[in-house]
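Residue strings, one per chain:
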Amino acid sequence: MRVGDELPELTIPITRTLIVSGAIASRDYQDVHHDAVAAQEKGSPDIFMNILTTNGLVGRYITDHFGSGAILRKVAIRLGAPNYPGDTMVLTGSVEQVDGDTATVRVVGANGMGKHVTGTVTVTVSVPAGERAGAPGGSSAGGAA
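Attention here is on the structure that accompanies the text. What you are looking at is a predicted structure, and each value in this text was computed from that prediction instead of being measured.

So, about the sheet that holds strand β1 (residues 6-13). Strand order across the open sheet formed by 5 strands is β1-β3-β4-β5-β2, with antiparallel pairing between neighbours. With partners counted over all chains shown, the strands left at the sheet margins are β1 and β2 (70-79), one partner each. The mean inter-strand angle of the sheet, taken between neighbouring strand axes irrespective of direction, is 20°. Bridge count for β1 against strand β3 (residues 88-99) is 6 bridges, and the pairing is antiparallel. Within β3, the residue paired with L10 across the bridge is L91.

Written as structure tokens, this is what we have:
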């Protein structure tokens, strides 16, 4: 983990099922997240993703990259262009700051309309006990046997 490291892109198809299931899973029953007619009556062309689903996808992006030892410490995001069904969101990230085993990663999620989400995630990456240098089954730096 070094300042300037770029995370690989994660492409997420925005499906109606993803939007509705994310809203249900986060107990967000606002009609604009599951009822296209109600969303249109409120001025939206279709249903759209809620911030809690976006937050979960951003968290997944970070933990997928940093692995099972990743602990999210802070997620600070802001929404922009809505995620509508049929679009694709591409998440990108770069390490902005490193302090020991903790990093701050700038994250952007863009879709066909522009930036859907921007923000930072602070993550601590601890190495699992079985993978520590010198641990049984782990690797160790140093001399050859």
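Right, let's get into the pairing of strand β4 (residues 102-111). Counting buried positions along β4 yields 7 of 10 residues, so the element is predominantly enclosed. Sheet topology note: the β3/β4 ladder contains 9 bridges and is antiparallel. Among the inter-strand pairings, S94 is bridged to a residue of β4, identified as R106. Bridge count for β4 against strand β5 (residues 114-125) is 10 bridges, and the pairing is antiparallel. Bridging across to β5, V105 finds its partner in V121. Taking the residues that link successive antiparallel strands as the turn, the β4-β5 hairpin has 2 residues.

Let's shift gears to helix α3 (residues 51-66). Counted at 1.5 Å a residue, the expected span for α3 with its 16 residues is 22 Å, and the 23 Å between its end C-alpha atoms agrees. Taken residue by residue, α3 has T53, T54, L57, V58, G59, Y61, I62 and F66 as its buried positions. The inward-facing, buried residues of α3 abut β1, α1 (16-25), β2, β3, β4 and β5. Phi for G67, located one or two positions after α3, is positive at around 90°.

Relative to the helices and strands, T102 is located in strand β4. C-alpha of T102 to C-alpha of T124: the two residues are 22 residues apart in sequence and 4.2 Å apart in space. When near neighbours in sequence (up to four residues on either side) are disregarded, T102 contacts M1, Q97, T122, V123 and T124. Of the polar contacts made by the side chain of T102, one reaches the side chain of D101; its length is 3.4 Å.

What counts and what doesn't
- Residues numbered from 1 in each chain as written.
- Predicted model: local features only at pLDDT ≥ 70, side-chain atom pairs only at ≥ 80, totals over all residues.
- Heavy atoms only, no water.
- Pairing = 2+ DSSP bridges.
- Helix = DSSP H or I, 4+ residues; strand = E, 2+ residues; numbered from the N terminus.
- Axes fitted to C-alpha atoms, helices over the stretch in contact; angles between N-to-C directions.
- Buried < 20%, exposed > 50% of the residue type's maximum accessible area, 1.4 Å probe, protein only.
- Expected span 1.5 Å × (residues − 1).
- Contact = heavy atoms within 4.5 Å.
- Polar contact = N/O pair within 3.5 Å; in protein donor to acceptor, adjacent residues only side chain to side chain.

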